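Each chain, written out:
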Amino acid sequence: MNLILKDQLSKTSIRYVLELSGPDHMGIFINPLKDRKIKAWSFHYTPLRLDWKPPYFIYFSYGKDSTP
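Read on for an overview of the structure. (Residues numbered from 1 in each chain as written. Predicted model: local features only at pLDDT ≥ 70, side-chain atom pairs only at ≥ 80, totals over all residues. Heavy atoms only, no water.)

This next bit is on the environment of Phe 60. Mapped onto the elements of the fold, Phe 60 is located in strand S4 (residues 56–61). Residue classification places Phe 60 among the partly exposed positions, given a relative accessible area of 26%. Separated by 36 residues in sequence, Phe 60 and Asp 24 have C-alpha atoms that sit 7.3 Å apart. Contact partners of Phe 60, with chain neighbours within four places excluded, come to Leu 20, Asp 24, His 25, Met 26, Ile 28 and Phe 43. (Helix = DSSP H or I, 4+ residues; strand = E, 2+ residues; numbered from the N terminus. Buried < 20%, exposed > 50% of the residue type's maximum accessible area, 1.4 Å probe, protein only. Contact = heavy atoms within 4.5 Å.)

Note on placement: Ser 13 falls in strand S2 (residues 13–19). On the basis of relative accessible area, Ser 13 is assigned to the buried category, the value being 11%.

Here is the structure:
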């Protein structure tokens, strides 16, 4: 995982752009620091929309086509 960009959008909001590479099946856990919240991401939005509690588990899997 590589940090591509960290952008301070306001006093209370930061955008992180990360690049992740690896095998065709992998998972990551995302756990915000205490009193922090993830407002949006480019993964499936259900965990945020339904206000699931962290840590969030993201599982990547693909077959022949590895495009995003």
